[in-house]
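Residue strings, one per chain:
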Amino acid sequence: MSDRVTLQTIADAVGVSRTTVSNAYNRPDQLAPGLRERIFATAHRLGYSGPDPAARRLRSGRRDAVGLLLTEGLSHAFTDPAAALLLQGIARTIEGAGLALLLVPDRAGVQDAVVQSLCLYALPDGHPNVAAALERRLPLVVVDEPRLVGHAYVGIEDRHGARLAAAHLLALGHRRFALLAGASATQRERLAGYRAALEAAGARWEEPASGELADVLVAEARPTAILAATDQLALAALEAARDAGLVVPHDLSLVGFDDVPGAAWSVPALTTVRQPLLRKGEIAGQMLTSAAAPGREIVLPVELVVRGSTARPA
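Attention here is on the structure that accompanies the text.

Definitions and cut-offs
- Residues numbered from 1 in each chain as written.
- Predicted model: local features only at pLDDT ≥ 70, side-chain atom pairs only at ≥ 80, totals over all residues.
- Heavy atoms only, no water.
- Salt bridge = Lys/Arg side-chain N within 4 Å of Asp/Glu carboxyl O.
- Helix = DSSP H or I, 4+ residues; strand = E, 2+ residues; numbered from the N terminus.
- Buried < 20%, exposed > 50% of the residue type's maximum accessible area, 1.4 Å probe, protein only.
- Phe/Tyr/Trp six-rings, centres within 6.5 Å; stacked < 30°, edge-to-face > 60°.
- Lys NZ or Arg CZ within 6 Å of the ring centre and 35° of its normal.
- Core = buried A, V, L, I, M, F, W, Y, C linked by side-chain atoms within 4.5 Å.
- Contact = heavy atoms within 4.5 Å.
- Axes fitted to C-alpha atoms, helices over the stretch in contact; angles between N-to-C directions.
- Parallel < 35°, antiparallel > 145°, perpendicular 65-115°, else oblique.
- Left-handed = near helix turned anticlockwise from the far one by under 90°.
- Nonpolar A, V, L, I, M, F, W, Y, C, P; charged D, E, K, R; others polar.

## Digging into the pattern of salt bridges
- A full pass over the atoms with the stated rule returns 13 salt bridges.
- We note a salt bridge from arginine 159 to glutamate 189, for which the minimum N-O separation is 3.1 Å. Here glutamate 189 lies in helix H10 (residues 185-201) and arginine 159 lies in helix H9 (residues 158-172), a separation of 30 residues in the sequence.
- The exposure class assigned to arginine 159 is partly exposed, which follows from its relative accessible area of 34%.
- One salt-bridge network, held together by shared partners, links Asp259, Arg274, Glu303 and Arg307.

## Observations concerning the packing of aromatic side chains
- On inspection of all chains with the given rule, the structure shows zero aromatic pairs.
- It is arginine 190 that lies over the ring of phenylalanine 257; its NZ or CZ is 3.9 Å from the centre.

## Focus on the nonpolar core
- With 43 residues, the main nonpolar core has Ile90, Tyr121, Phe177, Tyr194, Leu198 and Leu227 as its most contacted residues.
- In terms of residue count, the dominant contributor to this core is H9 (six residues).
- The residues touching tyrosine 194, leaving out its near neighbours within four places in the chain, are Ala162, Ala165, Leu179, Leu227, Ala228, Ala229, Gly256 and Phe257.
- Core analysis: the next-biggest nonpolar cluster, separate from the first, contains 18 residues, Leu180, Leu235, Ala237 and Leu246 among them.

## Observations concerning the packing of helix H6 (residues 81-96) against helix H14 (residues 277-289)
- Across the interface, H6 lies against H14 with an axial gap of 7 Å and an inter-helix angle of 40°. As far as their axial angle goes, H14 and H6 are oblique. Read as a crossing pair, H6 and H14 show a hand that is right-handed. Two secondary-structure elements touch here, H6 through Ala82, Leu85, Leu86, Gln88, Gly89, Ile90, Arg92, Thr93 and Ile94 and H14 through Leu277, Leu278, Lys280, Gly281, Glu282, Ala284, Gly285, Gln286, Leu288 and Thr289.
- Here the residues of the contact of H6 with H14 are counted per class, giving nine nonpolar, seven polar and three charged.

## Remarks on the packing of H9 against H10
- The N-to-C vectors of H9 and H10 enclose an angle of 40°; their axes lie 8 Å apart at closest approach. Here H10 runs oblique to H9, going by the angle between their axes. Regarding H9 and H10, the two cross each other, and that crossing is right-handed. Across the interface between the two elements, Asp158, Arg159, Ala162, Arg163, Ala165, Ala166 and Leu170 from H9 touch Thr186, Glu189, Arg190, Ala192, Gly193, Tyr194, Ala197, Leu198 and Ala201 from H10.

## Remarks on unusual backbone geometry
- The omega torsion of the bond from glutamate 145 to proline 146 falls at 0°, within 30 degrees of zero and hence cis.
- Locating proline 146 in the fold gives a position in the loop between strand E4 (140-143) and strand E5 (152-156).
- Within the chain, aspartate 144 stands out as a residue other than glycine whose phi angle is a positive 75°.
- Turning to its location among the elements, aspartate 144 is positioned in the loop between E4 and E5.
- You will see that aspartate 259, though not glycine, has its phi angle at about 60°, which is positive.
- The residue aspartate 259 is located in the loop between strand E9 (253-258) and helix H13 (261-265) in this model.

Next comes the structure, spelled out in structure tokens:
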């Protein structure tokens, strides 16, 4: 036998119908004050804290939140600087619309989330959460990836930004490069931009895995410059360069991508491609809270920010 206290449990204890107990919480004007107080006293004695808010919203059709799906799990929203700035932009906008932000962890969460719209942030095409989100048939906004036909999209000029970064190092005289990128579609798009610019200039380049970078940095024909698809990768490369006894930018130039806050605080400060992370989040929030055209796409511009991590090759 279940110990869970329900409206029917209270109704049986008071000697009224389940509808009467429900009216005590949801339509108090339908009951005499004395009966309401008796119902509440019985509910308190039985340990009942009130109707489930999510269930109440479902019955009423109200969904006072938007759902956000992340590819790296919930901790990614708090530990990745780029994700944190994007979330700040989304939260600021939907808060102004009187809505809450619900971080959705997995497929089951997608199916059960009581939300009015969903945002997919940097999910790989084919991820189970993408299929689960599409099954909900709610207004859907994609940030960065994947591109979904018929759904709103917010992104940046990834390939153009990569070309800006490569052109900067080529203009300084660099001809031997290492390219760092992860497996996401966004980072591979940036990598494609690096490759295209370097191939057009006849420069040499290689793509070391993260564990191989230390070996590359001490090789006889080591690269004089590194193009990283994110600032996090570039900052990790900066540490690897120090461990290898290299001085940045005298021995090695570094360029990142995103311009997270830590890029300007590193020593030396990181040359990077700046994307408007906060603005991108605000636009996504606006799409999530308004009747935006389902197929609308917004691609935001980027810019190169030159700091102290790049110089002419020694």
